[in-house]
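So the chains spell out like this:
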Amino acid sequence: MSYHYPIDESWTTQEIIDVVQFFSLIEQAYEKGAARKDIALLYRKFKQIVPSKSEEKKLFANFQQQSGYSSYQVVKKLKETEQGIIKMKEGHA
């Protein structure tokens, strides 16, 4: 895929790495499945970097526009299930 991850220029290098890893895991959840514990860990890190719900929505929308993958749906499934692996259906964006 040739798209850009949504990042904020004011973030530190580590924060950018954490956010990119989070969005990369969202991709993985759609493409082949991702460990629920990994998604939970990276979402917690993401929320420390982006505590604002409105900013989260903006970044999620930007990522979905670029990739076609819904971060919101993955996080929703994370909260609703105890399954070890989260595997999203392609059309579930």
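### Focus on the side chain of Thr-81
Item 1. With respect to the helices and strands, Thr-81 occurs in the loop between helix H4 (71–80) and strand E2 (85–86).
Item 2. Thr-81 has contacts with Arg-36 and Ile-86, leaving out every residue within four places of it along the chain.

### What about helix H2 (residues 36–49)?
Item 1. Helix length check: H2, at 14 residues, gives a terminal C-alpha distance of 20 Å against a target of 20 Å (1.5 Å per residue), a fit within 8%.
Item 2. If you follow the buried residues of H2, they end up packed against helix H1 (13–31), strand E1 (34–35), helix H3 (53–67), H4 and E2.

### Describing H4
Item 1. Where H4 is concerned, the buried positions are Ser-71, Gln-73, Val-74, Val-75 and Leu-78.
Item 2. Buried residues in H4 make contact with H1, H2, H3 and E2.

### Some thoughts on the pattern of salt bridges
Item 1. Applying the stated rule across the entire model yields five salt bridges.
Item 2. Between Lys-37 and Asp-38 there is a salt bridge, with the nearest N and O atoms lying 3.4 Å from each other.
Item 3. With relative accessibility at 32%, the residue Asp-38 sits in the partly exposed group.
Item 4. Through salt bridges with shared partners, one network takes in Lys-47, Lys-53 and Glu-56.

### Some thoughts on the packing of H2 against H3
Item 1. Interhelical geometry of H2 versus H3 gives an angle of 120° and a closest axis separation of 10 Å. Taken as axis vectors, H2 and H3 run oblique relative to one another. The way H2 lies across H3 gives a crossing that is right-handed. Contact with H2, carried on its side by Tyr-43, Phe-46 and Lys-47, involves Lys-53, Glu-56, Leu-59 and Phe-60 of H3 and no other residues of that element.
Item 2. Looking at the contact of H2 with H3, its residues break down into four nonpolar, no polar and three charged.

### Here's the deal with the nonpolar core
Item 1. In this structure, Phe-22, Phe-23, Ile-39 and Phe-46 are the most contacted members of the largest nonpolar core, which totals 25 residues.
Item 2. Of all the secondary-structure elements, those providing two or more residues to this core are H1, H2, H3 and H4.
Item 3. The element best represented in this core is H1, accounting for seven residues.
Item 4. Look past the residues within four positions of Ile-39 in its chain and what remains in contact with it is Leu-25, Ala-29, Ala-34, Val-74, Leu-78 and Ile-86.

### Observations regarding the environment of Val-74
Item 1. Tracing the backbone through its elements, the reader meets Val-74 in helix H4.
Item 2. Residues Val-74 and Tyr-30 lie 44 residues apart in sequence; the distance between their C-alpha atoms is 8.6 Å.
Item 3. Beyond its immediate sequence surroundings of up to four residues, Val-74 is in contact with Ile-26, Ala-29, Tyr-30, Ile-39 and Met-88.

### Examining the packing of aromatic side chains
Item 1. This model, assessed by the stated rule, comprises eleven aromatic pairs.
Item 2. Judged by centre distance (4.9 Å) and plane angle (20°), the rings of Tyr-30 and Tyr-69 are stacked. Here Tyr-30 is found in helix H1, whereas its partner Tyr-69 is found in the loop between H3 and H4, with 39 residues between them in sequence. Tyr-69 shares its class with Tyr-30; the two are buried.
Item 3. Aromatic rings pair up to connect Tyr-5, Phe-22, Phe-23, Tyr-43, Phe-46, Phe-60 and Phe-63 into one cluster.

Criteria and thresholds
Residues numbered from 1 in each chain as written. Predicted model: local features only at pLDDT ≥ 70, side-chain atom pairs only at ≥ 80, totals over all residues. Heavy atoms only, no water. Helix = DSSP H or I, 4+ residues; strand = E, 2+ residues; numbered from the N terminus. Contact = heavy atoms within 4.5 Å. Expected span 1.5 Å × (residues − 1). Buried < 20%, exposed > 50% of the residue type's maximum accessible area, 1.4 Å probe, protein only. Salt bridge = Lys/Arg side-chain N within 4 Å of Asp/Glu carboxyl O. Axes fitted to C-alpha atoms, helices over the stretch in contact; angles between N-to-C directions. Parallel < 35°, antiparallel > 145°, perpendicular 65-115°, else oblique. Left-handed = near helix turned anticlockwise from the far one by under 90°. Nonpolar A, V, L, I, M, F, W, Y, C, P; charged D, E, K, R; others polar. Core = buried A, V, L, I, M, F, W, Y, C linked by side-chain atoms within 4.5 Å. Phe/Tyr/Trp six-rings, centres within 6.5 Å; stacked < 30°, edge-to-face > 60°.

Remember that the coordinates give geometry; whether it matters functionally is a separate question.
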